[in-house]
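Understanding the architecture of this molecule
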Amino acid sequence: ILTTVVASIIGIISIVSFRSLFDQGTFEEDGPALVSLGCNADGSYLAEQADGSVMCSSSADTADSQFAITDVTSAFVKSSSGARNDISLSDTIYSGIFTKLVTANIFGAFNSANFAAVVMFAIFFGVALGRVMETQRMEGQSYIVSFFKELDKIFIQLINWIIMITPFAVLSLIIKAIGSREDLKDAFSNVGWLVVATILAMAFHFIIMHIGFWALVTKSNPITYLRCILPAQTMAFACASSAATIPMTLRSVRSTGVVPEAILRFVIPLGATINMDGGAIYFPCACIWMAYLNGIEPDVSSYFLLIIIATIGSAGTAPVPSASLVLIITAYNTVFNAEGTPDGFEFILAIDWFMDRLRTTLNVTGDAMVSGMVASLCPIDEEEDHEGSALKEAPLESPEIEIVEG
């Protein structure tokens, strides 16, 4: 968790240092929501007459038969380019942090996509469930745990179906974004600063947390260790999946000869699931970049809430390609009180194929470096390690069963 918190802080510092180079984007206004109200007769609609009265007509102009509505509940919102600017600093800190982390209605938080409140509720719900199971000493598995596991498999299946059609949806969004803009040079130079800021933040995190902490903890040269994990880094950049890189990471860390088998088999799979430092860097960078693109000036409470969401959210991100796109939208809407898909998100989609590979490479590097530092802090006797491995790999003998006819 420490490395993830530091990663999110470094990401915010890096992106804020480039804020003077960001240009505010110009986006088309959607205009008022219009509706046509039909009458009983086919092809007949309510239309406004010249004297201001309303009656059913089948020959009225389209403009006379369309009525503007006020979207009070934001039911028709498709995108949002900004947040409210009439909130005081105290209200911003209270409403922007505390009420979003602790909700009065968890179902309302689900409905409004308040990611921070959902995660906080899930943490305390899990702790309470574990305490109840420990107190009652329940035998076997809890029905609630089984229910959520089955529910998780169902949602994973639904997500896999969505992923199958995602390339076509992403392609259409990118084509729309590129085809509707005349200043492509300025647009891509603007998003280029996001790429530069993110890469610099990742480089600083690698130098400080990986190389610096390695030298401090192990008192050895990290370059020798990094040479051994280069195949895992290459695999991570190629496939953009921490989970798919686990076999190569295990092989690379094992080849260093400094990490016992018991440690690497525990740290590497666990790190591939929760150690997402690359995502913790990129989430704040992408959200703050879109905020400046939409003319929003982030404040201290926004940065603090982004650190919390990036830390918790990155740990909960699936170790598969492009799994963080939904979290970016949710984090942006949560922090900046927006709704729908933010304007400019299509540029995030356009560069995600490259940024996702950088995030995965940093994540895998962190898993390998942390396993080496854990091995240095918690040395395991080689004989104990070999005995444990042999016991784990030893096949179980099948009991002999005698079948008696009769």
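Note that the structure is predicted; figures quoted are calculated from it, not measured. (Residues numbered from 1 in each chain as written. Predicted model: local features only at pLDDT ≥ 70, side-chain atom pairs only at ≥ 80, totals over all residues. Heavy atoms only, no water.)

Side note on the overall build of the protein
- Per the secondary structure count, the protein includes 15 helices and six strands.
- Counting the 406 residues in the protein, one finds 38% classified as buried.
- A fraction of 73% describes how many contacts in the protein between residues 6 or more apart in sequence connect residues 24 or more apart.
- Element-wise, carbon and sulfur atoms account for 64% of the exposed surface of the protein, whose accessible area totals about 24,200 Å². (Helix = DSSP H or I, 4+ residues; strand = E, 2+ residues; numbered from the N terminus. Buried < 20%, exposed > 50% of the residue type's maximum accessible area, 1.4 Å probe, protein only. Contact = heavy atoms within 4.5 Å. Areas by Shrake-Rupley, 256 points an atom, 1.4 Å probe, with all protein chains shown as cover.)

Focus: the confidence of the model for the protein
- Taken as a whole, the protein shows an average pLDDT of 76; of its residues, 72% reach a score of 70 or greater.
- Taking the mean pLDDT of every element in the protein, the minimum, 47, falls on helix 15 (residues 382-393) and the maximum, 90, on helix 7 (residues 222-228).
- Contacts of residues 81-89 to residues separated by more than four positions or lying in other chains number 10 contacts, the stretch itself having pLDDT below 50.
- Taken as a whole, residues 387-406 scores under 50 in pLDDT and shows two contacts with residues more than four places along the chain or in a different chain. (pLDDT = per-residue confidence, 0-100.)

Regarding the pairing of strand 3 (residues 54-57)
- Both strand 2 (residues 45-48) and strand 3 contribute to a ladder of four bridges, which runs antiparallel. The residue of strand 3 that forms the bridge with Y45 is S57.
- Taken together, strand 2 and the strand that follows it, strand 3, pair antiparallel across an intervening segment of five residues, in which G52 is found at a positive phi of about 95°. (Pairing = 2+ DSSP bridges.)

Quick look at the side chain of D277
- Considering the arrangement of structural elements, one finds D277 in helix 11 (residues 277-293).
- Of the buried charged residues, D277 lacks a salt bridge, with R359 as the closest side chain of opposite charge at 12 Å. (Lys, Arg positive; Asp, Glu negative; His and termini not counted. Salt bridge = Lys/Arg side-chain N within 4 Å of Asp/Glu carboxyl O.)

Some remarks on the packing of helix 1 (residues 2-17) against helix 11
- Look at helix 1 against helix 11: their axes get within 7 Å of each other, and the N-to-C directions meet at 30°. Relative to helix 11, helix 1 is oriented roughly parallel. In this structure, helix 1 crosses over helix 11, and the sense of that crossing is right-handed. In this structure, helix 1 contributes T3, T4, A7, S8, G11, I12, I15 and V16 to the contact, and helix 11 contributes D277, A280, I281, P284, C285 and I288. (Axes fitted to C-alpha atoms, helices over the stretch in contact; angles between N-to-C directions. Parallel < 35°, antiparallel > 145°, perpendicular 65-115°, else oblique. Left-handed = near helix turned anticlockwise from the far one by under 90°.)

Digging into a nonpolar patch on the surface
- On the surface, I154, F155, I156, L158, I159, W161, I162, M164, I165 and F168 cluster together into a nonpolar patch covering about 1,100 Å² of accessible area.
- Along the polypeptide, I159 turns up in helix 5 (residues 143-179). (Patch = residues over 30% accessible without salt bridge, like charges linked within 9 Å, V, L, I, M, F, W, Y side chains within 5 Å.)

Points about the side chain of N363
- Structurally, N363 is set in helix 14 (residues 345-377).
- When residues no more than four places from it in sequence are discounted, the contact partners of N363 are S242, N275, M276, D277, G278 and G279.

Looking at the packing of aromatic side chains
- Evaluation of the coordinates by the stated rule reveals seven aromatic pairs.
- On the basis of an interplanar angle of 50° and a centroid distance of 5.1 Å, the ring pair of Y332 and F336 is categorised as tilted.
- Since its relative accessible area comes to 3%, F336 is described here as buried. (Phe/Tyr/Trp six-rings, centres within 6.5 Å; stacked < 30°, edge-to-face > 60°.)

Examining the nonpolar core
- Counting residues in each nonpolar core, the largest one holds 52 residues, and the members touching the most others are L194, W289, I328 and I348.
- Mapped onto this core, the elements with two or more residues apiece are helix 1, helix 6 (184-218), helix 11, helix 12 (300-315), helix 13 (325-335) and helix 14.
- Those residues in contact with L194 that sit more than four places away from it in its chain are I15, F22, Y282, C285, A286, W289, I348 and I351.
- If you look at the next biggest cluster of nonpolar residues, it comprises 17 residues, including I229, L250, I268 and A368. (Core = buried A, V, L, I, M, F, W, Y, C linked by side-chain atoms within 4.5 Å.)

Some points on the state of the cysteines
- Inspection of every chain in the model, using the stated rule, returns one disulfide.
- C285 takes part in no disulfide bond, and the closest cysteine sulfur to it belongs to C287, at a distance of 9.5 Å. (Disulfide = S-S within 2.5 Å.)

Things to note about the environment of V35
- By the secondary structure assignment, V35 is in strand 1 (residues 33-35).
- Look past the residues within four positions of V35 in its chain and what remains in contact with it is S65, Q66, F67 and I69.

Comments concerning the pattern of salt bridges
- Overall, the coordinates contain four salt bridges when judged by the stated rule.
- Here E261 ties to R254 by a salt bridge, and the two come within 3.0 Å at their closest N and O atoms.
- We note a salt bridge from D356 to R359, for which the minimum N-O separation is 3.1 Å. Of this pair, D356 and R359 are both found in helix 14, three residues apart, which corresponds to roughly one turn of the helix.
- When its relative accessible area of 5% is taken as the criterion, D356 is described as buried.

What about helix 13?
- Taking burial as the measure, the 11 residues of helix 13 include 10 buried ones, the bulk of the element.
- Two residues or fewer after helix 13 comes N337, characterised by a positive phi angle close to 55°.

Section: the packing of helix 10 (residues 261-274) against helix 14
- Close contact between helix 10 and helix 14 brings their axes to 9 Å; oriented N to C, the two are set at 145°. When the axes of helix 10 and helix 14 are compared, the crossing they make is right-handed. Facing I263, V267, I268, G271 and A272 of helix 10, the residues of helix 14 in contact are D367, A368, V370, S371, V374 and A375.

A word on unusual backbone geometry
- Even without being glycine, K219 reaches a positive phi, approximately 55°.
- With respect to the helices and strands, the residue K219 is situated in the loop between helix 6 and helix 7.

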